[in-house]
Amino acid sequence: MKNEIHHLFSYGTLQLENVQIKTYGRKLVGFKDVLESYKLEQLKITDKDVLAKSQQEYHPIAIPSKDKEDCIEGVIFEITEQELIQTDSYEVSDYKRVLETFQSGKKAWIYILKDTAKQI
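Now for a look at the structure at hand. None of these values were measured; they are calculated from a predicted model. (Residues numbered from 1 in each chain as written. Predicted model: local features only at pLDDT ≥ 70, side-chain atom pairs only at ≥ 80, totals over all residues. Heavy atoms only, no water.)

With that settled, the discussion passes to the nonpolar core. Counting 30 residues, the largest nonpolar core has Phe9, Tyr11, Tyr38, Ala62, Phe102 and Ile110 as the members making the most contacts within it. Of all the elements in the fold, those that place two or more residues in this core are strand S1 (5-10), helix H1 (17-24), strand S3 (38-44), strand S4 (58-64), strand S5 (71-80), helix H3 (81-90), strand S6 (95-101) and strand S7 (107-113). Excluding anything up to four places from it in sequence, Phe102 contacts Phe9, Asp33, Val34, Leu35, Ile76, Ala108 and Ile110. (Core = buried A, V, L, I, M, F, W, Y, C linked by side-chain atoms within 4.5 Å. Buried < 20%, exposed > 50% of the residue type's maximum accessible area, 1.4 Å probe, protein only. Helix = DSSP H or I, 4+ residues; strand = E, 2+ residues; numbered from the N terminus. Contact = heavy atoms within 4.5 Å.)

As structure tokens, then:
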């Protein structure tokens, strides 16, 4: 299903227009939303391609939280199946993609810390 539309939650560099254009060849359209029971930490990026696109050595990374007050604000974008695959390539190996439900009730993919037992 190449034309399938996916929802992707971004809380970091994928909100930057230059990263969107370098990754997808277009500016993404999205809406603000909130993910509850998660918090952000900073991850040092060493992948040269990702550094070239984002121009940022540290990227935020989402980590599940036991504190119900913790939440992450970001944007849910509509992307294609191919763009989802491109996003998998953009995110470094410390991230994994999971499907979550957001404050709006919408389900979207989000990249979180792959090994949550080894929190930063």
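After that view of the structure, there is still more to cover.
The complete set of buried residues in H1 reads Val19, Gln20, Thr23 and Tyr24. Looking straight down H1, one finds its buried side chains confined to an arc of 100 degrees; they lie on one side. Phi turns positive one or two residues past the end of H1, at Gly25, with a value near 80 degrees. (Arc of directions from axis to C-beta.)

The geometry of H1 relative to H3 is characterised by a closest axis approach of 10 Å and an angle of 110 degrees between their N-to-C directions. As summarised for this structure, H1 and H3 are arranged roughly perpendicular, according to the angle between their axes. Considering only the axes of H1 and H3, their crossing is right-handed. Here Val19, Thr23 and Tyr24 of H1 come into contact with H3, specifically with Glu83, Gln86, Thr87 and Tyr90. (Axes fitted to C-alpha atoms, helices over the stretch in contact; angles between N-to-C directions. Parallel < 35°, antiparallel > 145°, perpendicular 65-115°, else oblique. Left-handed = near helix turned anticlockwise from the far one by under 90°.)

Along the polypeptide, His7 turns up in strand S1. Apart from residues lying up to four places away in sequence, His7 is in contact with Ile76, Phe77, Glu78, Lys106, Lys107, Ala108 and Trp109.

Below, the discussion takes up H3. Note on helix geometry: an α-helix contains 3.6 residues per turn, so any two residues three or four positions apart are oriented the same way. Restricting attention to buried positions, one finds in H3 the residues Glu83, Leu84, Thr87 and Tyr90. Viewed along the axis of H3, the buried residues span an arc of 110 degrees, placing them on a single side of the element.

Taken as a whole, this structure holds 2 aromatic pairs when the rule is applied. Summarising the aromatic geometry, the rings of Phe9 and Phe102 are spaced 4.5 Å apart at their centres and angled 40 degrees between planes, so their arrangement reads as tilted. Taken together, the positions of Phe9 in strand S1 and Phe102 in the loop between S6 and S7 put the pair 93 residues apart, joining distant regions of the chain. The residues Phe9 and Phe102 share a single accessibility class, namely buried. One aromatic cluster is present, formed by Phe9, Tyr11 and Phe102 through successive ring pairs. Over the ring of Trp109 we find Arg97; its NZ or CZ atom is 4.4 Å from the centre of that ring. (Phe/Tyr/Trp six-rings, centres within 6.5 Å; stacked < 30°, edge-to-face > 60°. Lys NZ or Arg CZ within 6 Å of the ring centre and 35° of its normal.)

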